[in-house]
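Topology and contacts: notes
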Amino acid sequence: MASDGVGNGEFSFDNKRRTGLPKIQTQKTEDENVVCHDDSATPVKAQTLDELHSLQKKKSAPTTPIKSPHVFGVAVSEEERQKQQLQSISASLASLTRETGPKVVKGDPARQAETPKVQQPLHHHHTPALNISDSGLKFTHILYNLSPAELYEQAIKYEKGSFITSSGALATLSGAKTGRSPRDKRVVRDETTEDDLWWGKGSPNIEMDEQTFLINRERAVDYLCSLEKVFVNDQFLNWDPNNRIKVRIVSARAYHSLFMHNMCIRPTPEELEDFGTPDFTIYNAGQFPCNRYTHYMTSSTSIDINLARREMVILGTQYAGEMKKGLFGVMHYLMPKRQILSLHSGCNMGKEGDVALFFGLSGTGKTTLSTDHNRYLIGDDEHCWSDHGVSNIEGGCYAKCIDLAREKEPDIWNAIKFGTVLENVVFEEHTREVDYTDKSVTENTRAAYPIEYIPNAKIPCVGPHPKNVILLACDAFGVLPPVSKLNLAQTMYHFISGYTALVAGTEDGIKEPTATFSACFGAAFIMLHPTKYAAMLAEKMQKHGATGWLVNTGWSGGSYGSGSRIKLAYTRKIIDAIHSGALLKAEYKKTEVFGLEIPTALEGVPSEILDPANTWPDKKAHKDTLLKLGGLFRKNFEVFTNYKIGSDSNLTEEILAAGPNF
């Protein structure tokens, strides 16, 4: 007969509870107070939420020892050094019509609990400003060299159109302008630049006078000083420590500050402490237009460079690429004066130390082909070639994102993560996954990321003298061979010509690919006459034994619209053969009209595409198109024929002879 309870069990149902349910009786452990997992902790000491939040953040000391700057042999205190730094920033923001700069203070105004103390000037005798304005009654808060995390916060809080994508990158919008505005770029023509710079027909340097620059500078500075806060970046250009340039960027947007944080070279804490006065300053007041009634202005956009003052002013465009390319133009002026060749090129290095330069405009594959996981990346866009070798000008990469795919460009794909700026991309509203094929905002979608995001980047970004100089052309006519070996004169000719097809979206107003010529593969940025850069290139190639190559990444089997673009896989095989030296050992034959040396066979590339004449079904159409392109080359080169290199015109004539012959 079954019993009502369990005699020796751990629990029983002997006693009925009032609810009618049996009461569970458990056996007591030896120590009732023992808890098997105690995760309780001492309560926080904070008495308020604000106090609790203040415990979240700690101030960290620089990770490198600070060299105390000295004035007349006396060590300067930390407080004094910070005061000097603020004075330097205030001086940068000084108006030309008032004797002092704005009152500046570091830190986000949203975090200021009380009115900051006025920073007293270091000198004892101070002449007060004659004319006071409302801007003189307020503080301008300086957000100085913020980290990417801090800049994310600023962008998401205060800048419409800023979002974190699924990969962790910051998606932003550049406003109405989604590309550069070269027709609105101006350079001051004065005693400094009158004889040095390239002026006139074909030149990218549109002149303005000093007075007009100062008017635009005043407009930009007044706008920046009227804001409650501005972002200030102090950074470097050029990884060569002997030829490094200090730049200061003053901007109104977190997007611009993060962009330049990525694109310039980031100082160490020690270098930042000793930064001092910048060599060049950018005033980016891009949200504010220029006055169209001002002399020389043709629109509400103006990008102005004054080489004597070492300043650049941006009005009426928020496209961040204007800052990057403006500084590149400055380097094109400063470096040749030091006998250093500035180059619009990508650059990578093999494991044996063989360096290759890649020239080409946007859309020719410069970034894609120089980003090769089998080689070390020195840089993707801007370099210097000095007596010591090559060095990257920048600290980051600025890659085109349209149609970006993980399979085709894994290194660029993986670099788009936290810290990266994504310009004008479209993403899925809920998942925040970017659709790189969507051109709703612009075709010129871009990613700006630090160069160390590329796993095989060579840090520091310097290398020995190049062995190969590769000129990339995206030939919309489809008549240039996939690869040609160039002699020195041909290298200079094609370098000066800079032929390609300008891909839609990189400049404002360009909607379809258009055949174009751009001297030195970057005419929009050069300052001196193209033949000066070409002569320096030829001299360095000859001295260090570099070989020139012309690689067509454009069309085959017909012009744009009828033929097809050469497969990236074939172009990569060609580039690999250049790096390995295998292409130097190939058999060559000469083409008509351009007289280019082309290989008859190359492993991994169909032999028939190596000669464009084979790929066109209509041979007469091919010959007509070839002659048409040759004529365009000749016409373009007319602007360069009257310029002498050196004491005679022999070299100029040699370069001309290397062009199309028909």
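- The protein chain goes by phosphoenolpyruvate carboxykinase (ATP) in an unreviewed UniProt entry, where it is assigned to Solanum stoloniferum.

1. Notes on the sheet that holds strand E23 (residues 446–450)
- Judged by pairing direction, the sheet is mixed, and its five strands sit side by side in the order E5-E6-E20-E23-E19 without closing on themselves. The open sheet terminates on both sides in strands that have one partner only, identified here as strand E5 (163–164) and strand E19 (396–400).
- In this fold helix H5 (residues 254–263) packs onto strand E6 (170–172), E19, strand E20 (421–423) and E23, with an angle of close to 120° to the strand it touches most, E20.

2. As for the sheet that holds strand E3 (residues 103–106)
- With respect to topology, nine strands assemble into an open sheet ordered E3-E4-E9-E10-E11-E13-E12-E7-E8, the strand pairing being mixed. A strand with exactly one partner marks an edge of an open sheet, and here the two such strands are E3 and strand E8 (207–208).
- In this sheet, strand E12 (residues 302–306) lies alongside strand E7 (residues 185–188) in parallel orientation, the contact comprising three bridges. Considered in E12, the bridge of Lys 185 is made with Ile 303.
- Running at roughly 65° to strand E13 (residues 311–315), helix H4 (residues 210–226) makes contact with strand E4 (139–144), E7, E8, strand E9 (229–237), strand E10 (245–251), strand E11 (280–285), E12 and E13 of the sheet.
- In the packing of helix H7 (residues 321–334) onto the sheet, contacts are made with E9, E10, E11, E12 and E13, and the angle to E13 comes to roughly 155°.

3. As for the pairing of E23
- The buried count for E23 comes to five of five residues, which makes it a mostly enclosed element.
- A two-sided burial pattern is seen for E23, the buried positions comprising Arg 446, Ala 448 and Pro 450 on one face and Ala 447 and Tyr 449 on the other.
- With five bridges connecting them, E19 and E23 associate as antiparallel partners. Residue pairing in the sheet places Cys 397 in a bridge with Tyr 449 of E23.

4. Focus on the pattern of salt bridges
- The final tally for this structure, using the stated rule, is 21 salt bridges.
- Note that Lys 324 is salt-bridged to Asp 381, the shortest N-O span being 2.8 Å. One end of the pair, Lys 324, is in helix H7; the other, Asp 381, is in the loop between strand E16 (376–379) and strand E17 (382–386), with 57 residues separating them in the sequence.
- We classify Lys 324 as buried; its relative accessible area is 3%.
- Arg 375 is the partner of Asp 354 in a salt bridge, and the nearest nitrogen-oxygen pair spans 3.0 Å. Of the two residues, Asp 354 is situated in the loop between strand E14 (341–349) and strand E15 (355–359) and Arg 375 in the loop between helix H8 (366–370) and E16; the sequence distance between them amounts to 21 residues. Of the two residues examined, Asp 354 and Arg 375, each falls in the buried class.
- Here the salt bridges do not stand alone but share partners, grouping Lys 324, Lys 325, Lys 366, Asp 381, Glu 382 and Glu 394 into one network.

5. Some points on the packing of helix H10 (residues 488–497) against helix H11 (residues 530–544)
- The N-to-C vectors of H10 and H11 enclose an angle of 145°; their axes lie 10 Å apart at closest approach. For the crossing formed where H10 meets H11, the hand is right-handed. Within the contact between the two elements, H10 uses Leu 488, Thr 491, Met 492, Phe 495 and Ile 496 and H11 uses Pro 530, Thr 531, Tyr 533, Ala 534, Ala 535, Leu 537, Ala 538, Met 541 and Gln 542.
- For the contact of H10 with H11, the per-class residue count stands at eleven nonpolar, three polar and no charged.

6. Brief notes about unusual backbone geometry
- Note the cis peptide between Ile 459 and Pro 460, where omega equals -5°.
- Among the structural elements, Pro 460 can be located in the loop between E23 and strand E24 (462–463).
- At Cys 520, a position not held by glycine, the phi torsion is positive, near 60°.
- Residue position: Cys 520 is located in the loop between strand E28 (514–517) and H11.

7. Quick look at the nonpolar core
- Counting 121 residues, the largest nonpolar core has Leu 422, Tyr 449 and Met 527 as the members making the most contacts within it.
- Ranked by residue count, the leading element in this core is H7, at seven residues.
- Discounting residues that sit within four places of it in the chain, Tyr 449 has contacts with Asn 262, Gly 396, Cys 397, Ala 399, Ile 412, Ala 415, Thr 420 and Ile 454.
- In terms of nonpolar packing, the next biggest core, distinct from the first, is built from 27 residues, Leu 93, Ala 220, Tyr 223 and Cys 290 among them.

8. Some words on the environment of Thr 281
- Considering the arrangement of structural elements, one finds Thr 281 in strand E11.
- For the pair Thr 281 and Lys 246, spaced 35 residues apart in sequence, the C-alpha separation works out to 8.8 Å.
- Those residues within four positions of Thr 281 in sequence are excluded, and the remaining contacts are Arg 248, Arg 310, Glu 311 and Met 312.

9. A look at the side chain of Asn 456
- Here Asn 456 lies in the loop between E23 and E24.
- Of the polar contacts made by the side chain of Asn 456, one reaches the backbone oxygen of Asp 372; its length is 2.6 Å.

Cut-offs and rules
Residues numbered from 1 in each chain as written. Predicted model: local features only at pLDDT ≥ 70, side-chain atom pairs only at ≥ 80, totals over all residues. Heavy atoms only, no water. Pairing = 2+ DSSP bridges. Helix = DSSP H or I, 4+ residues; strand = E, 2+ residues; numbered from the N terminus. Contact = heavy atoms within 4.5 Å. Axes fitted to C-alpha atoms, helices over the stretch in contact; angles between N-to-C directions. Buried < 20%, exposed > 50% of the residue type's maximum accessible area, 1.4 Å probe, protein only. Salt bridge = Lys/Arg side-chain N within 4 Å of Asp/Glu carboxyl O. Left-handed = near helix turned anticlockwise from the far one by under 90°. Nonpolar A, V, L, I, M, F, W, Y, C, P; charged D, E, K, R; others polar. Core = buried A, V, L, I, M, F, W, Y, C linked by side-chain atoms within 4.5 Å. Polar contact = N/O pair within 3.5 Å; in protein donor to acceptor, adjacent residues only side chain to side chain.

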